[in-house]
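Understanding the architecture of this molecule
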Amino acid sequence: MRNAYSFWILVSIVAVSGFSQGLLLPLIAIIFEQDGLSSSMNGLNAVAIYIGILLVSPFMEAPLRKFGYRPVIMTGGLIVVVALLAFPLWKSFWFWFVLRLLIGIGDNALHFGTQTWITSSSPEKVRGRNISIYGLFFGIGFAVGPLMTSLVKVSESLPFILSGALCLIAWFTLFQLRNEFPTEENTQSAQQQGLLKRFGSTLKYAWVAFLPPLGYGFLESSLNGSFPIYGLRQDIGVSEVSILLTGFAIGGIVFQIPLGMLSDKFGRKYTLLTVILLGTVFFGTAAFTEQHYIALFICLFAAGMSLGSTFSLGISYMTDLTPRHLLPTGNLLCSIFFSIGSLGGPYISGVFIEKMPDLSFFFIMTVIFAGIFTTLLVHAIFTKRAVVAEQ
């Protein structure tokens, strides 16, 4: 990336994308819940965005290497704008499913382009900070998004139109960017391997780094797609649910850059272990305090502080572990694992709400992150032993 101005345009685009995602998940969940749709069907509609991400993922690398970063990002942004503005045209489960599918395709192109551009051009000593700024701006947008759900009381169409207009304004700023390409050396090295071989090689180097994006995808989509349903059934109002979701997102915002800088200093592995352990504890506590609104808000805010950076830390960790010519593939796999987690989140948590109404929604989060923490810890122990044995 040639200058800081380009970097700030990219992260601003990501912020607007975060806003639209943060708005869309709880907004549609609330609309369908008020229309009497079951929580499992509500969750099924929510996963459309992540199906779109997965469908297009295998085809993202080739256009990026051929056309460069800017055309890929602009194409993705335009798809998102058109889909958002189309929501008010027809209120239908399957029409909205297709629109969310298109948003997933567009968001994948947008985020894949920006992530790869930033990770490829950032020096190692500030990589964690730059990716944390990326995560920070996405988090700011995502935090503001749920607050706009109250506009549904004015008009169901208004939030969609507002989000689409903001994305369109942001899209025009991309014309100020000068297009760049992955380096020729990286492209030639990648072309020597097929897509499946690149996937296999990247997984061999960095499989453990994809677990935090997987967990964060499950967490984010479940909180925004299923928690509003759970909250309404627990007699928590729409505005109070929006505030709780915003509290979680703000918690993530507060610690994005400090955690990124700490990971530059102490290492991504140990930073991830610490924050995931803390997040597991806070969600476990939330399961026992959810009847007290203030206590629940504090727990979700603290969980956001701990886990809100796991996606960006996972990207940074992947970049540390992966050879440079495989970075586009690594970024693609981060998106794929995030999407797999996001795909399962709303539906699995929706079924959980239906089948286990006496259990707290937050138990499922506690179990997921306890499993990720255990896997990371075991990997860290065996890696350390292997290094000692070699010495």
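Calculation rules
- Residues numbered from 1 in each chain as written.
- Predicted model: local features only at pLDDT ≥ 70, side-chain atom pairs only at ≥ 80, totals over all residues.
- Heavy atoms only, no water.
- Core = buried A, V, L, I, M, F, W, Y, C linked by side-chain atoms within 4.5 Å.
- Buried < 20%, exposed > 50% of the residue type's maximum accessible area, 1.4 Å probe, protein only.
- Helix = DSSP H or I, 4+ residues; strand = E, 2+ residues; numbered from the N terminus.
- Domains from an automatic or database assignment.
- Contact = heavy atoms within 4.5 Å.
- Buried area = accessible area lost by both parts, 1.4 Å probe.
- Salt bridge = Lys/Arg side-chain N within 4 Å of Asp/Glu carboxyl O.
- Polar contact = N/O pair within 3.5 Å; in protein donor to acceptor, adjacent residues only side chain to side chain.
- Nonpolar A, V, L, I, M, F, W, Y, C, P; charged D, E, K, R; others polar.
- Axes fitted to C-alpha atoms, helices over the stretch in contact; angles between N-to-C directions.
- Parallel < 35°, antiparallel > 145°, perpendicular 65-115°, else oblique.
- Phe/Tyr/Trp six-rings, centres within 6.5 Å; stacked < 30°, edge-to-face > 60°.

In this structure, Phe87, Leu219, Phe227, Ile276, Phe283 and Phe362 are the most contacted members of the largest nonpolar core, which totals 106 residues. The element contributing the most residues to this core is helix α1 (residues 4-34), with 15 residues. Mapping this core onto the domain boundaries places at least three of its residues in each of domain 1 (1-181) and domain 2 (194-390). Apart from residues no more than four positions distant in its own chain, Phe87 is found in contact with Leu24, Ile28, Trp96, Leu99, Arg100, Ile103 and Phe160.

With that settled, consider the environment of Phe361. As for its position among the elements, Phe361 is in the loop between α17 (327-355) and α18 (362-390). Ignoring sequence-local partners within four residues, the contact set of Phe361 consists of Ser222, Leu223, Ser226, Phe227, Tyr230, Glu290, Ser349, Phe352 and Ile353.

Turning our attention to the domain arrangement of the protein chain. When the domains of the protein chain are assigned, the result is domain 1 (1-181) and domain 2 (194-390). Computed from C-alpha coordinates alone, the two centres of domain 1 and domain 2 are separated by 19 Å. In this complex, domain 1 contributes 54 residues to the contact, which on the side of domain 2 involves 51 residues. Regarding the contact of domain 1 and domain 2, the summed buried area is about 4,400 Å², with carbon and sulfur atoms giving 66% of it. Sorting the residues of domain 1 by area buried against domain 2 places Ser39, Tyr50 and Glu61 first, and these three jointly supply 13% of that buried surface. On inspection of domain 1 and its partner domain 2, the count reaches zero salt bridges. Here domain 1 and domain 2 share zero residue pairs in polar contact (both at pLDDT 80 or more) between them. Mapped onto the side of domain 1 that touches domain 2, the elements with two or more residues apiece are α1, α2 (39-46), α3 (48-56), α4 (61-67), α6 (93-121) and α7 (124-144). Classifying every residue of the side of domain 1 that touches domain 2 gives 26 nonpolar, 20 polar and eight charged.

Between two packed helices, the angle of one axis relative to the other and the distance separating the axes together describe the packing. Orientation of α1 relative to helix α11 (residues 211-225), taken along the N-to-C sense of each, is 45 degrees, at an axis distance of 8 Å. Classed by the angle they form, the pair α1 and α11 counts as oblique. Across the interface between the two elements, Gln21, Gly22, Leu25, Pro26 and Ala29 from α1 touch Glu220, Ser221, Asn224 and Gly225 from α11. Residue composition of the contact of α1 with α11, by class: three nonpolar, five polar and one charged.

Take the environment of Gly260 next. With respect to the helices, strands and loops of the structure, Gly260 is situated in helix α13 (residues 238-266). Overall, Gly260 belongs to the buried group, its relative accessible area being 1%. When residues no more than four places from it in sequence are discounted, the contact partners of Gly260 are Gly128, Arg129, Ser132 and Arg268.

Turning to the packing of aromatic side chains, a few remarks are in order. Tallied over the full model, the rule gives 26 aromatic pairs. Plain terms: the ring middles of Trp171 and Phe175 are 5.3 Å apart, the flat faces sit at 85 degrees to each other, and that makes the pair edge-to-face. The exposure class of Trp171 is buried, given its relative accessible area of 14%. Taking relative accessible area as the criterion, Phe175 reaches 46% and is therefore assigned partly exposed. Consider the rings of Tyr216 and Phe338, whose centres lie 6.4 Å apart with planes at 25 degrees: the pair is stacked.

All told, the structure shown has four salt bridges when counted by the stated rule. Between Asp35 and Lys91 there is a salt bridge, with the nearest N and O atoms lying 2.6 Å from each other. One end of the pair, Asp35, is in the loop between α1 and α2; the other, Lys91, is in the loop between α5 (69-86) and α6, and 56 residues separate them in sequence. Judged by its relative accessible area of 46%, Asp35 is partly exposed. Judged by its relative accessible area of 39%, Lys91 falls in the partly exposed class. Asp264 is the partner of Arg268 in a salt bridge, and the nearest nitrogen-oxygen pair spans 2.7 Å. Counted as one network, the salt bridges with shared partners bring together Asp35, Lys91 and Glu156.

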